[in-house]
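# Residue-level structural notes
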Amino acid sequence: MAPSYPIPPSAGATVPLSAPTSAPLPVPASALAPPSSILTRTQRFIEENQRLILLGCAVLAASGAGYYLYSRSGDKPGPSSPGGASAAKKKNKKSKKKGGAKDDGKFLRGQGDQGPLVEEIKKPASASASATTEKDKVEEKKEAQVEDANAHLADVPDEEALKAMSDAERNTLGATLKDRGNKLYSKKDFKRAVECYTKAIEVSIRKDAVFFSNRAACYTNFSPPEYEKCVADCDEALKLDHTYVKALKRRATALENLGRDEEAVRDFTATTIIERFQDEAAAASVERCLKKLAQKKAKEILETREPKLPSPTFISSYLAAFRPHDKPALPASPSQGDQTLMLAFDALAAADYNHAVSFVNEAIEQGVSWKEGQAEAHNLRGTFKFLIGDSLGAKADLEKSLDLVPSFVQSWVKIASVHMELGDAASAFGDFEAAIRHNADDPDIYYHRGQVYFIMQEYQKAIDDYTKSTALDGGFIFTHVQMAVAQYKMGNVGASMAAFRRILKMFPDRGEPSNYYGELLLDQQKFQESVERFDRSLELDKNRRPRNVLPLVNKSLAIFQWKQDIGAAEALCKEALEIDPDCDVAVATLAQLSLQQGKIDEAIEWFEKSGKLARTEGELMNSITYEHASRAQQSFLRNYPEFAERLSQVAQAM
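To keep things clear, this report deals only with the structure shown in the data block.

Procedures and definitions
Residues numbered from 1 in each chain as written. Predicted model: local features only at pLDDT ≥ 70, side-chain atom pairs only at ≥ 80, totals over all residues. Heavy atoms only, no water. Axes fitted to C-alpha atoms, helices over the stretch in contact; angles between N-to-C directions. Helix = DSSP H or I, 4+ residues; strand = E, 2+ residues; numbered from the N terminus. Parallel < 35°, antiparallel > 145°, perpendicular 65-115°, else oblique. Left-handed = near helix turned anticlockwise from the far one by under 90°. Contact = heavy atoms within 4.5 Å. Nonpolar A, V, L, I, M, F, W, Y, C, P; charged D, E, K, R; others polar. Buried < 20%, exposed > 50% of the residue type's maximum accessible area, 1.4 Å probe, protein only. Polar contact = N/O pair within 3.5 Å; in protein donor to acceptor, adjacent residues only side chain to side chain. Disulfide = S-S within 2.5 Å. Phe/Tyr/Trp six-rings, centres within 6.5 Å; stacked < 30°, edge-to-face > 60°. Lys NZ or Arg CZ within 6 Å of the ring centre and 35° of its normal. Patch = residues over 30% accessible without salt bridge, like charges linked within 9 Å, V, L, I, M, F, W, Y side chains within 5 Å. Areas by Shrake-Rupley, 256 points an atom, 1.4 Å probe, with all protein chains shown as cover. Salt bridge = Lys/Arg side-chain N within 4 Å of Asp/Glu carboxyl O. Lys, Arg positive; Asp, Glu negative; His and termini not counted. Charge placed at Lys NZ, Arg CZ, Asp CG, Glu CD. Expected span 1.5 Å × (residues − 1). Arc of directions from axis to C-beta.

## Comments concerning the packing of helix α16 (residues 336–349) against helix α18 (residues 371–387)
Following both chains from N to C, one finds α16 and α18 inclined at 45 degrees, their axes separated by 11 Å at the closest point. With respect to each other, α16 and α18 are oriented oblique. The two elements α16 and α18 meet at a crossing, and its hand is left-handed. Contacts between α16 and α18 involve Leu 341, Ala 344, Phe 345 and Leu 348 from the former and Gly 373, Glu 376, Ala 377, Leu 380 and Phe 384 from the latter. Its residues placed into classes, the contact of α16 with α18 shows 7 nonpolar, 1 polar and 1 charged.

As structure tokens, this is what we get:
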């Protein structure tokens, strides 16, 4: 969707807490955010810094080195399954090039990576071997008998005979039964293979994780698959060898097929880390399961939670992007609904947004007596519905406003934003054209259309629209700011910085230019100058209500990147939350700072809070994804404390 305030100037710094801000069409909901590069960086944290979440403490040790892309270009490997042979081949080729461990020939041909390991299957004697021994002949005879329905277990002693056998003899018998099961598996005789593995488990004194893992592989090949039994067997295998990657992957795949995505993420994450991030199929599975988990939980939350306005910082930033217009004049004999509507506009002017919402709802219920007032009421209610993430409700109200007064340009501009939120760019541009037909001299039209071009990365078209908007009204600060930002994004750094210096002179009493100029300086790693700008912005706007807390969060990032002073950075974000408890940007930044310190428990708490503040489904999914990726890492470090050092080494090597 087209944002309605200056878009972040960050052009993509190289530190962990910084990322590009542009987004391709269809524009995601996350594009609508307060005017700060922090929020876009935060919302794309999982997409661009997935490995930061997976590594956690290790990233701290490595000073945040290296990332694992959550959304990679190109085809992704599919889930680990019997049909994944082609993906495995691609992986093997890549491993050879990198000089890594070779997996060629590791699994049975045609069985993917779900079948028993080849080293678990008895190899036949070579052609050059000497004459077979008497023992070999006996075994060959037994193998010939396997074709009989019961022959595969015909030579297994009864319970009394087993008691008379030594431990070594029973272990040897168990290994023989395992080998027999492997051969039956290779012939796709999964039922009898299970019987062999089961008997091997029963007779063997030495408990072997392979017995359980191979039987689990059989269960996944049943028709229909018996995933619950697969999970149970993998549980037993992992009790015997908790780093047995084959059992981890099989259990993860079974859990995913059972819809237990949170547990699947746990196991796929463990596999990814144990394998030093070389198992691309497991890494892709982490991504896939996280996405499914986030979609499911987001849907459940949105269906049950009460609508809630975003933070005052967010609302004031959105409203400030529209040139103010006088509230409508009351008719000679105003109704109760008319008077209530005036109360809504008074509350809006006082930044009392909760009362503004309740008053406008009440006014519409009571009935507004004149057409222009009705259009204003539906415009205002549609605006608040849009802000809480109810795009369809906002669309209905704004359409009603335009039915009443077709020339209401602001409603055309706002419904364009709604269409962008819904991924309908064509309709959005149609809305702008309709607005131009009604009033070609309204500067808001060109400013907001420029915003759409900006997020589409069509910067020159955006600048053309900003220029037209400024020509119609040169006193609107955000048009000047956004034009300078667009120049910066095009690489015209000198022109952009010069434009910001002019803006600072044009609007000496406004804090916003200093904040955005500070972001450009921060992007260029001019840390001291950026901090001075953020401080200047805070000083100029100290009496503003609601107070703009974004310079505090920007300053926290500057301090962190400049001096690696996480304590000071956290203190600034917490100060922002004291002023605006619902500032999602500050919450998301605190979550990242917690991860930087390896404080996973704290990060999870911040991500949970971020989810409660999320305005749209996309924002909520991001928060849930961060939270559960962090939970998976937390689980790994709890279950595999011996790998903490390896994690640190892997992070340092990236």
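## With respect to the side chain of Asp 208
Residue placement: Asp 208 occurs in the loop between α9 (190–203) and α10 (209–220). The exposure class assigned to Asp 208 is buried, which follows from its relative accessible area of 16%. Within polar-contact distance, the side chain of Asp 208 engages the side chain of Arg 206 at 3.4 Å.

## Notes on the state of the cysteines
Per the stated rule, a full pass over the model turns up 0 disulfides. In this model Cys 234 remains outside any disulfide bridge; the closest cysteine sulfur is found in Cys 230, 4.1 Å from its own. Sulfur of Cys 573: no disulfide; nearest cysteine sulfur belongs to Cys 583 and is 8.3 Å away. Assessed through its relative accessible area of 0%, Cys 573 is described here as buried.

## Remarks on the packing of aromatic side chains
Scanning all chains against the criterion turns up 15 aromatic pairs. Ring plane angle 55 degrees and centroid distance 5.1 Å describe the contact between Phe 607 and Tyr 626, whose orientation is recorded as tilted. With Phe 607 in helix α31 (residues 600–613) and Tyr 626 in helix α32 (residues 617–639), the pair connects residues that are 19 residues apart, well separated along the chain. Of the two residues, Phe 607 and Tyr 626, both sit in the buried class. Here a set of aromatic residues connected by ring pairs shows up, and it is made of Tyr 447, Tyr 466, Phe 476 and Phe 478. The side chain of Lys 468 reaches across the aromatic face of Tyr 446, ending 5.2 Å from its centre. Its guanidinium or amino end placed over the ring of Phe 386, Arg 615 lies 5.5 Å from that ring's centre, counting from NZ or CZ.

## A closer look at a positive patch on the surface
Together, Arg 501, Arg 502, Lys 505 and Lys 526 make up a region of like positive charge exposed at the surface. Topologically, Lys 505 is positioned in helix α25 (residues 493–506). Since its relative accessible area comes to 72%, Lys 505 is described here as exposed.

## Things to note about the pattern of salt bridges
For the coordinates displayed, the defined rule picks out 37 salt bridges. Of the charged contacts in the structure, one is a salt bridge between Arg 381 and Asp 397, with a shortest N-O distance of 2.8 Å. Placement of Arg 381 in helix α18 and of Asp 397 in helix α19 (residues 391–404) is noted, with a sequence separation of 16 residues between them. We note a salt bridge from Arg 544 to Glu 512, for which the minimum N-O separation is 3.6 Å. Here Glu 512 lies in helix α26 (residues 512–523) and Arg 544 lies in the loop between α27 (527–540) and α28 (550–563), a separation of 32 residues in the sequence. Overall, Arg 544 belongs to the partly exposed group, its relative accessible area being 22%. You can call Glu 512 buried: its relative accessible area is 6%.

## Considerations on unusual backbone geometry
Between Ser 223 and Pro 224 the backbone carries a cis peptide bond, its omega angle lying at 0 degrees. Relative to the helices and strands, Pro 224 is located in the loop between α10 and α11 (227–240). Cis geometry marks the peptide bond from Arg 545 to Pro 546, where omega comes out at -5 degrees. By secondary structure assignment, the location of Pro 546 is in the loop between α27 and α28. A positive phi is found at Gln 457, a non-glycine position, where the angle reads about 65 degrees. You can see Gln 457 is positioned in the loop between α22 (443–455) and α23 (459–472). When its relative accessible area of 39% is taken as the criterion, Gln 457 is described as partly exposed.

## What to know about helix α17 (residues 353–366)
Over its 14 residues, α17 runs 20 Å from end to end, which matches the ideal 20 Å to within 8%, given 1.5 Å per residue. Listed as buried for α17 are Tyr 353, Ala 356, Val 360 and Ala 363. Buried residues of α17, seen end-on, are gathered within an arc of 80 degrees and therefore sit on one face of the element. Away from the buried face of α17 by more than 90 degrees, exposed residues Asn 354 and Glu 365 are located. On its buried face, α17 sits against α15 (312–320), α16 and α18. Following α17 by one or two positions, Gly 367 adopts a phi angle in the positive range, close to 105 degrees.

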